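Chain by chain, the residues:
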Amino acid sequence: MKSIKKTICLITSIVLVATIGFCYGEMNVVTANDGVSNPRITDKEVTWDCIYFGNYPQSSDGSGGFYAERIKWRVLSVNGDDAFIMAENILDCKKYDTNNKYPYGRTWETCTLRSWLNGYAAKDNKEGTDYTSSNFINTAFNSDERAAIYTTTVINDDNPIVGTDGGNDTQDKVYLLSIAEASNVAYGFDSVIYNETRTRESKATDYAVSQGCWIAPLEEYASNGLWWLRSPGEYNSIASFIAGDGWGSTLDGDYLDEDRYGVRPVLHLNLLSNKWSSAGTVSADVSQSETTTKTQETTKTKPNVKLSKPVIKKITAKKKSLKVTWKVSSGVTGYRLQYSLKKNFKKAKTVAIKKASTNTKTIKKLKKKKKYYIRLKSYKIVGGTIYLSGWSKTASKKTK
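A brief structural summary. (Residues numbered from 1 in each chain as written. Predicted model: local features only at pLDDT ≥ 70, side-chain atom pairs only at ≥ 80, totals over all residues. Heavy atoms only, no water.)

**Examining the overall build of the protein**
Filter applied, for reference: Put simply, DSSP marks the helices as runs of H or I at least four residues long and the strands as runs of E at least two long, and each gets a number from the N terminus on. A simple rule labels every residue: compare its accessible area, found with a 1.4 Å probe on the protein chains alone, to the largest value its type can have, and call it buried under 20%, exposed over 50%, or partly exposed in between. Two residues qualify as a contact provided that any one of their heavy atoms is within 4.5 Å of a heavy atom in the partner residue.
Along its length, the protein carries five helices and 24 strands. Considering the protein as a whole, with its 400 residues, one finds that 48% of them fall into the buried category. Taking contacts inside the protein between residues at least 6 apart in sequence as the whole, the part at least 24 apart equals 63%.

Following this line, the structure appears as structure tokens:
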């Protein structure tokens, strides 16, 4: 009898230990970030884990409407139960700020784009626009999903080149990348913001295009759009952005009320919420970067780097286009041509000219019988730094 009791106790103990061991094992094996990790980076490509979280209008239904589809996010980093994620595609198209009148003074803290993303009240932006009932966060996420988004202290650094004021740091659930974040190797991006790189390219959804997002016409970059960064440009009247080829503009930027730039939100997600699901992986070929020189842009010129202002020689008017000819500058790397309908170059467009020997550029798709103002600056790369000349004298011409 005693032996039977001992046997029963032994079996019970084994089962109990096994059960405890099994439960303990599950607690350690099934973690919040199971299957989600930091980007994997090699010499040839970067691979990001992706997740689905929330819903937003994206694909066209063929009859003027759009399907609300799961939002695919790229995982930029994982720290415990906190995943820093960025929308894989450009989801919408919005102005950085709805008004660009003097005095400008717009920063991420005071712009309307921040208020729209987070559903803030009129007091939270300089335009006094109330976004509590019409915004991104309430459209994209239900109440449980919103609760799963961490509130983040967003560091709004000054422009890294010329020190334009980035404004106060903010507390946001949804925001945009900064210049520094968009060139953070740990997130899988090319370390040089000025490089053309697949790691920063993003396609615009049908809905974003319908809202005015510009997309690249070239087959190689088809459906790639422009998207805002939150960092200021050379002045507080412009903001930085990423182009369709992954190139980042940090000085020229574009005016805050420009309406062709897409929105690619980022946020910190609580992985323990279980409000997300796996969406596989995406990869980018890092060898697609056009340049590999670690380049920083500056307006400061060392004594041994002398750049004279370019001289515009002639502008020839054609139908909806202008052909600009200038005198080739010696010892430069390339030029930047800027044109606008305004003499003060408000809402100016900038064209990068990367060959020093080039002395003509035809600007197409202009408005007919309109007067355009044009100016040039040259640049030179020395030891990985871009040095800029001043702007040329402004020239003007009316299209035919």
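Once the structure has been displayed, the description carries forward.
**Observations regarding the nonpolar core**
Our working definition: By nonpolar core we mean a set of buried residues, namely Ala, Val, Leu, Ile, Met, Phe, Trp, Tyr and Cys, connected to one another through side-chain atoms within 4.5 Å.
Grouped together as the largest cluster of nonpolar side chains are 68 residues, with contacts concentrated most on L113 and L177. Among the elements that make up this core, the one with the highest residue count is strand β2 (residues 45–60) (six residues). Those residues in contact with L177, other than ones at most four positions away along the chain, are L76, F84, M86, A182, F189, W227, L229, R230 and V266. If you look at the next biggest cluster of nonpolar residues, it comprises 19 residues, including L307, I312, L337 and L366.

**Remarks on a positive patch on the surface**
What counts is decided by this rule: Surface patches are defined over residues having more than 30% relative accessible area and no salt bridge, joining like charges when they lie within 9 Å and nonpolar side chains (Val, Leu, Ile, Met, Phe, Trp, Tyr) when within 5 Å. Computed with a 1.4 Å probe, the accessible areas rest on the Shrake-Rupley method; for each residue, only the protein chains presented here act as cover. Throughout this description, the term salt bridge denotes a Lys or Arg side-chain nitrogen within 4 Å of a carboxyl oxygen of Asp or Glu. Only four residue types enter the charge count, namely Lys and Arg as positive and Asp and Glu as negative; His and the chain termini do not. Taken as the charge centre is NZ of Lys, CZ of Arg, CG of Asp or CD of Glu, depending on the residue.
On the surface, K95, K319, K320, K342, K347, K367, K368, K369, K370 and K398 cluster together into a patch of positive charge. Tracing the backbone shows K370 in the loop between β21 (360–363) and β22 (371–382). You can call K370 partly exposed: its relative accessible area is 40%.

**Let's talk about unusual backbone geometry**
Among all residues save glycine, negative phi is the norm, and among peptide bonds the norm is trans. Phi is positive for K365, close to 60 degrees, though the residue is something other than glycine. Within the secondary structure, K365 is located in the loop between β21 and β22. You will see that K369, though not glycine, has its phi angle at about 55 degrees, which is positive. Structurally, K369 is set in the loop between β21 and β22. Using a relative accessible area of 60% as the deciding quantity, one classes K369 as exposed.

**Some points on the side chain of R114**
Applicable threshold: Any pair of N or O atoms that falls within 3.5 Å is considered a polar contact. Within protein, one atom must be able to donate a hydrogen and the other to accept it, and sequence-neighbouring residues count only if both atoms are side-chain atoms.
Along the chain, the position of R114 falls in helix α2 (residues 112–118). Judged by its relative accessible area of 7%, R114 falls in the buried class. A polar contact of 2.8 Å, which involves the side chain of R114, links it to the side chain of D172. Setting aside chain neighbours within four positions, we find R114 in contact with W108, E109, Y120, D124, T170, Q171 and D172.

**Thoughts on the pattern of salt bridges**
This model, assessed by the stated rule, comprises 11 salt bridges. Its salt-bridge partner being R230, residue E181 comes within 2.8 Å of it at the nearest N-O pair. Within this pair, whereas E181 is found in the loop between β9 (174–175) and α5 (206–210), its partner R230 is found in strand β10 (residues 227–232), the two being separated by 49 residues in sequence. In this structure, the salt-bridge partner of E201 is R198, at a minimum N-O distance of 3.0 Å.

**Description of the environment of Y175**
With respect to the helices, strands and loops of the structure, Y175 is situated in strand β9. Taking the C-alpha atoms as reference points, Y175 and R230, 55 residues apart in sequence, are found 7.9 Å from one another. The contact partners of Y175, leaving out residues within four places of it in the chain, are F84, W108, L117, T152, V154, E181, R230, P265, V266 and H268. A polar contact of 3.3 Å, which involves the side chain of Y175, links it to the side chain of H268.

**Things to note about the environment of S340**
Tracing the backbone through its elements, the reader meets S340 in strand β19 (residues 334–340). Taking the C-alpha atoms as reference points, S340 and L366, separated by 26 residues in sequence, lie 10.0 Å from one another. In this structure, S340 is in contact with F345, K346, K347, A348, K371, Y372 and Y373, ignoring residues within four places of it in sequence. From its side chain, S340 meets the backbone nitrogen of K342 in a polar contact 3.0 Å long.

**A closer look at the sheet that holds strand β18 (residues 321–327)**
To be explicit about the condition: Between any two strands, pairing holds if DSSP finds at least two bridges. Where helices are involved, their axes are fitted lines through C-alpha atoms of the stretch in contact, as for all axes, and angles between N-to-C directions lie from 0 to 180°.
One open sheet accounts for three strands, arranged β17-β18-β21; its pairing is antiparallel. This sheet does not close on itself; its edge strands, each paired only once, are β17 (311–318) and β21. Sheet twist, expressed as the average angle between the axes of neighbouring strands with direction ignored, equals 20 degrees. Sheet analysis places β17 next to β18, joined by seven bridges and oriented antiparallel. Within β18, the position partnered with I315 by the bridge is V324.

**Quick look at a negative patch on the surface**
On the surface, a cluster of negative charge is made up of D157, D158, D165 and D169. By the element assignment, D165 lies in the loop between β7 (152–154) and β8 (170–172). For D165, a relative accessible area of 43% puts it in the partly exposed group.

**Notes on the packing of aromatic side chains**
To be explicit about the condition: Two rings belonging to Phe, Tyr or Trp (six-membered ring only in the last case) form a pair when the distance between their centres is within 6.5 Å. Interplanar angles under 30 degrees mark stacking, angles over 60 mark edge-to-face geometry, and anything in between is tilted.
Under the definition given, this model contains 16 aromatic pairs. Ring plane angle 15 degrees and centroid distance 6.2 Å describe the contact between F84 and Y175, whose orientation is recorded as stacked. Taken as a pair, F84 in strand β4 (residues 82–87) and Y175 in strand β9 lie far apart in primary sequence, 91 residues in all. Aromatic pair F84 and Y187: ring centres 5.4 Å apart, planes at 65 degrees, arrangement edge-to-face. Pair noted here: F84 is in strand β4 and Y187 is in the loop between β9 and α5, with a separation of 103 residues, a long-range link. The exposure classification of F84 matches that of Y187, with both residues buried.

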